[in-house]
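# Structural characterization, general
Listed here are the chains, written in short residue letters.
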Amino acid sequence: MENRCWGNRGLAILFLGFAFQLFFLTECSVKTPARKILSKTTGKDSLSAYRVKLYVHDQQVMMDNGILKVTLSNPDGLVTAIQFNGVHNLLDTQNEENNRGYWDINWNMPGYPDNYDRLVGTKFRVIMENEDQVELSFTTTWKPSTDDSALPLNVDKRFIMLSNCSGFYAYGIFEREEGWPGAVVNQARIAFKLQKNLFGYMALSDDRQRVMPSPEDREMGQPLAYKEAVLLKSPTNSDLEGEVDDKYQYSIENKDNRVHGWISSDPPVGFWMITPSNEFRTAGPLKQDLTSHVGPITLSMFVSTHYAGEVVGMRFQDGEPWKKVFGPVLVYLNSVSAGDIPLNLWEDAKQQMSIEVESWPYDFPHSEDFHSSNQRGTVRGQLVVHDRYISAENSSAKHAYVGLAAPGEIGSWQTENKAYQFWTESDNKGYFSIEHVRAGDYNLHASVPGVIGDYKLDVNVTITPGCEIELGSLVYEPPRDGPTLWEIGVPDRTAKEFYVPDPDPMLINPLYINHTDKFRQYGLWERYSDLYKDGDLVYIVGVDDYRKDWFFAHVTRNLGNKTYVATTWQILFELDIVKQNSIYVLRLALASATDSELQVRLNDEFANPALFSTGRIGKDNAIARHGIHGLYRLYSIEIPSSQLNDGSNIIFLRQSRGQSPFQGVMYDYIRLEGPSDSNSFDKH
């Protein structure tokens with residue numbers, strides 16, 4: 001019989017003589033074999049020790065499954081204590097009870113300043129209670145008579161504890177009814193603040209983990225260009241002297257943000273946030289967001305404007321109804337026996353994450369709004385690419401991100417924020433299968449590494465419960481008007497392939513020395529002025545190498561005394577013979593933009609008007625937040641042949657806004673195409 005942590009199961013208890021050398025490596029989800037569970041009882045009573053018990057009092061509620069105890073305020077629904085492995089409370093007891101474990105939200109009425117809401121419940125209910133599972137509800141309900149200081153949103157915070165599960169689940173049901181006033185929600189998340197005298201080691205991935213400074217170290221540090229970045233001065237751990245700490249250095253793309261958290265070495269305990277699905281996160285798989293950072297703090301981000309701007313905030317019109325389930329996510333706790341290696345806690349957390357992913361969608365939440373597997377459908381197909389100036393044959397869309405999102409324009413998935421999204425990665429031949437999709441109407445989108453632009457299927461995909469839709473072979477014809485005359489970069493929606501400099505040696509985070517994410521070092525924008533002292537970047541096509549000679553971000557120039565000016569980059573290229581009375585096309589793909597205006601001129605640096613201008617674009621803030629990309633933008637600029645010269649030509653790229661060090665753009669890819677009537681394979 002399958003082992004289910006919410007149903008009947010056996011326990012595997014390992015005896016090694018009289019010493020219990022057992023790990024707290026307990027599976028918390030379905031469809032998984034039993035593993036070792038710490039137990040100090042034997043015989044018939046050992047099973048009953050791991051059944052769930054609920055204790056309800058006037059001001060608090062406690063769930064207890066014999067492995068951990070979770071205490072919540074009643075009816076607030078704030079997590080005030082987590083007792084585990086002999087530690088009375090893993091949460092920071094120096095904080096007030098309303099500042100330990102909580103949901104929160106940033107919102108505003110249209111046209112009004114931002115508000116912060118801790119989402120404190122006003123009503124408590126027991127949704128389910130038996131020896132295998134407890135589910136609790138803490139709700140707050142908006143009433144039309146409430147003044148403008150209250151968010152027009154109903155919130156139902158749910159918490160689930162299962163027997164023999166070393167953790168607990170949390171999810172939320174957010175709802176607006178028809179006729180309610182408009183509102184803007186720019187952030188929604190769960191936050192846990194842990195005991196700082198216990199948790200000092202943070203892990204986000206196999207190659208992104210380290211000993212972290214304390215909050216007091218940050219307070220004693222030297223503030224840098226913005227409040228989140230601090231240079232550590234005389235930290236309690238002298239090994240951290242002179243390092244930079246900034247929470248944005250630990251951001252992760254949604255697709256990779258599955259498990260992160262903290263390790264305590266004494267006692268050896270791990271605290272992890274596991275996210276089994278991205279369906280409820282906003283803005284697609286490539287959006288970056290916060291994870292864990294100094295506090296110690298662990299977050300589960302559902303909605304945020306990070307690395308994108310307000311365009312990805314949820315904007316509700318007057319009268320607009322809406323409902324969405326965020327989660328469940330798993331707060332997973334584990335431990336190893338004394339003398340074992342604490343880093344094994346990370347390996348176990350990864351294994352638990354894989355189990356949770358395989359178990360999605362869960363079948364234990366007791367809400368009709370969370371759809372089980374039999375209420376969902378599957379979409380399969382194959383994506384191929386046809387670029388008529390590259391090959392007469394179709395090529396496989398290898399490792400493409402293929403997904404379903406709410407109906408919209410091409411590329412709208414990267415700003416879509418109210419509905420659910422479902423994504424997968426295609427195989428080497430472009431085959432894909434998108435599973436566990438909630439019922440509804442969707443557009444199918446794709447982004448193919450190495451191929452410019454976005455794919456969107458031109459018909460809606462309608463999912464019904466239990467359906468299996470076969471789309472067959474889909475052909476993506478990327479933007480193309482003529483043959484490639486030259487190109488700079490790789491079309492991958494990031495600036496990662498360009499030259500990322502070493503940081504100022506006095507402003508280093510050692511984690512990112514010789515790291516593939518070198519771009520996450522602090523202050524790299526200032527290195528442009530250091531490297532280009534005598535003038536702005538000049539790139540010679542056919543001579544220079546974009547990996548060495550194209551700076552990763554087109555930023556402002558620092559003149560000192562907090563004075564910054566706009567910068568103009570040049571691309572020098574040769575054309576043997578310009579075909580007259582023809583149109584050439586410049587493809588300009590941006591990986592990010594922050595309060596910028598990019599102007600394009602050809603062979604005349606001061607031409608007015610410019611050949612092309614983006615206008616004022618971007619609130620990504622990816623330069624300051626070490627993101628290497630934000631929102632993707634693609635521009636196709638027609639160039640009349642009359643503006644080109646036989647022989648030498650220059651394209652001037654001017655980022656015209658120069659009031660801040662953080663203004664600028666990151667390029668993804670630039671390509672010049674010849675006239676459309678030449679050398680197409682389709683014409684042969």
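Since the model is a prediction, treat every value here as computed from it, not as a measurement. (Residues numbered from 1 in each chain as written. Predicted model: local features only at pLDDT ≥ 70, side-chain atom pairs only at ≥ 80, totals over all residues. Heavy atoms only, no water.)

### Topic: the overall build of the protein
Stated precisely, the cut-off is as follows: The secondary structure listing takes helices from DSSP runs of H or I that are at least 4 residues long and strands from runs of E that are at least 2 residues long, numbered from the N terminus. Each radius of gyration is computed over the set of C-alpha atoms, and the globule rule expresses the reference value as 2.2 Å times the number of residues to the power 0.38. Here's how the labels work: a residue is buried when its accessible area is under 20% of the maximum for its type, exposed when over 50%, partly exposed in between, all with a 1.4 Å probe on protein chains only. The contact criterion used throughout is that any non-hydrogen atoms of two residues lie within 4.5 Å.
Check the secondary structure of the protein and you find five helices and 46 strands. Here the protein has a C-alpha radius of gyration of 27 Å; the compact-globule value for 684 residues is 26 Å, and the two agree. Residue burial in the protein is summarised as follows: out of 684 residues, 59% are buried. Counting only contacts in the protein whose residues sit at least 6 apart along the sequence, the fraction spanning at least 24 positions is 71%.

### Some details on the confidence of the model for the protein
Stated formally: A score between 0 and 100, pLDDT records how confident the predictor is in each residue.
Mean pLDDT over the protein works out to 91, with 91% of the residues at or above the 70 mark. Between residues 1-27, whose pLDDT stays under 50, and residues either more than four places distant or in other chains, the model counts 94 contacts. The low-confidence segment residues 30-47 (pLDDT under 50) makes 50 contacts with residues lying over four places distant or belonging to another chain.

### Re the packing of aromatic side chains
Using the following cut-off: Stacked, tilted and edge-to-face pairs are distinguished by plane angle, under 30 degrees for stacked and over 60 for edge-to-face with tilted covering the rest, among Phe, Tyr and Trp rings (Trp via its six-membered ring) whose centres lie within 6.5 Å.
Using the criterion set out here, one finds 42 aromatic pairs in the structure. Aromatic pair Trp103 and Phe174: ring centres 5.9 Å apart, planes at 50°, arrangement tilted. Of the two residues, Trp103 is situated in strand S5 (residues 101-108) and Phe174 in strand S10 (residues 167-176); the sequence distance between them amounts to 71 residues. Accessibility assignment for this pair places Trp103 and Phe174 in one class, buried. Taken together, a centroid distance of 6.2 Å and an interplanar angle of 75° make the contact between Phe168 and Phe192 edge-to-face. Of the two residues, Phe168 is situated in strand S10 and Phe192 in strand S11 (residues 183-193); the sequence distance between them amounts to 24 residues. For Phe168, a relative accessible area of 0% translates into the label buried.

### Focus: a nonpolar patch on the surface
Defined as follows: For patches, a residue must show more than 30% relative accessible area and have no salt bridge; joins then use 9 Å for like charges and 5 Å for nonpolar side chains, namely Val, Leu, Ile, Met, Phe, Trp and Tyr. Residue burial considers only the protein chains on display, and all accessible areas are found by Shrake-Rupley using a 1.4 Å probe. A pair is scored as a salt bridge if a Lys or Arg side-chain nitrogen falls within 4 Å of a carboxyl oxygen belonging to Asp or Glu.
Where nonpolar side chains cluster on the molecular surface, the patch consists of Val538, Ile540 and Val543 and spans about 240 Å² of accessible area. Note on placement: Val543 falls in the loop between strand S35 (538-540) and helix H5 (546-549). Taking the relative accessible area as the measure of exposure, Val543 reaches 63% and is therefore exposed.

### Remarks on the sheet that holds strand S45 (residues 647-655)
Where we set the bar: In short, DSSP must find at least two bridges between two strands for them to pair.
Taken together, the five strands give an open sheet; going across it, the order is S35-S39-S45-S41-S42, and neighbouring strands pair in mixed fashion. Sheet topology places S35 and strand S42 (612-613) at the edges, where each strand pairs with a single neighbour.

### With respect to the pattern of salt bridges
Inspection of the entire model under this criterion finds 36 salt bridges. Between Asp156 and Arg125 there is a salt bridge; the shortest N-O distance is 3.7 Å. Separated by 31 residues along the polypeptide, Asp156 in strand S9 (residues 154-162) and Arg125 in strand S7 (residues 123-129) bring together distant segments of the chain. Given a relative accessible area of 10%, Asp156 falls into the buried group. The shortest N-O distance in the salt bridge between Lys350 and Asp206 comes to 2.7 Å. Taken together, the residues span a long stretch of sequence, with Lys350 in helix H3 (residues 344-358) and Asp206 in the loop between strand S12 (199-205) and strand S13 (208-211) at a distance of 144 residues. Each member of the salt-bridge network shares a partner with another, and the members are Arg125, Glu135, Asp156 and Arg158.

### Side note on the sheet that holds strand S15 (residues 230-231)
A sheet is described by the order of its strands in space; here three strands give the open sequence S14-S15-S16, paired in antiparallel fashion. What marks the edges here is a single partner per strand, and that holds for strand S14 (222-223) and strand S16 (244-245). Where S14 and S15 come together, two bridges link them in antiparallel fashion. Within S15, the position partnered with Gln222 by the bridge is Leu231.

### What to know about the nonpolar core
Cut-off, in case you're wondering: Definition of nonpolar core: a set of buried residues of the types Ala, Val, Leu, Ile, Met, Phe, Trp, Tyr and Cys, connected through side-chain atoms within 4.5 Å.
If you look at the biggest cluster of nonpolar residues, it comprises 109 residues, and the most contacted ones within it are Ile82, Phe174, Phe192, Leu383 and Leu444. Counting residues per element, this core draws most heavily on strand S24 (residues 322-335), at eight residues. By size, the runner-up hydrophobic cluster in this structure holds 65 residues, among which are Leu78, Leu290, Phe498 and Leu644.

### Brief notes about the environment of Val585
Tracing the backbone shows Val585 in strand S40 (residues 583-596). Residue class for Val585 comes out buried when judged on its relative accessible area of 4%. Along the primary structure Val585 and Ser359 are separated by 226 residues, whereas in three dimensions their C-alpha atoms are 48 Å apart. Not counting residues within four places of it along the chain, the set of residues in contact with Val585 comprises Asp481, Ser636, Ile637, Arg671, Leu672 and Glu673.

### Looking at H3
To be explicit about the condition: Residue count minus one, scaled by 1.5 Å, sets the expected span of a helix.
An ideal rise of 1.5 Å per residue puts 21 Å on 15 residues; H3 measures up with 21 Å between its terminal C-alpha atoms. Residues of H3 that are buried sit in contact with S10, S12, S13, strand S18 (259-265), strand S19 (268-274) and S24.

### Some thoughts on the pairing of strand S4 (residues 79-84)
Among the six residues that make up S4, five are buried, leaving the element largely enclosed by the rest of the structure. Across five bridges, strand S3 (residues 68-73) lies against S4 in antiparallel orientation. Considered in S4, the bridge of Lys69 is made with Gln83.

### Brief notes about the environment of Val325
With respect to the helices, strands and loops of the structure, Val325 is situated in strand S24. Note on Val325: relative accessible area 2%, which makes it buried. Separated by 215 residues in the primary sequence, Val325 and Pro110 place their C-alpha atoms 24 Å from one another. Ignoring anything within four residues of it in the chain, the contact list for Val325 reads Tyr171, Gly172, Ile173, Phe280, Asp369, Phe370 and Tyr420.

### Side note on the side chain of Asn509
What counts here: Polar contacts, as counted here, are pairs of nitrogen or oxygen atoms within 3.5 Å of one another; within protein the pair requires one atom able to donate a hydrogen and one able to accept it, and residues that are adjacent in sequence qualify only if both atoms are side-chain atoms.
One can find Asn509 in the loop between strand S34 (484-489) and helix H4 (527-531). A distance of 3.0 Å separates the side chain of Asn509 from the side chain of Tyr250, its partner in a polar contact. Contact partners of Asn509, with chain neighbours within four places excluded, come to Arg210, Val244, Gln249, Tyr250 and Gln521.

### Comments concerning unusual backbone geometry
Trans peptide bonds make up the majority, and among non-glycine residues the majority have a negative phi. Note the cis peptide between Gly295 and Pro296, where omega equals -10°. You can see Pro296 is positioned in the loop between strand S21 (292-293) and strand S22 (297-303). With an omega of 5°, the peptide bond running from Gly327 to Pro328 counts as cis. With respect to the element layout, Pro328 can be found in strand S24. Backbone geometry at Ser234 places phi at a positive 50°, although glycine is not the residue there.

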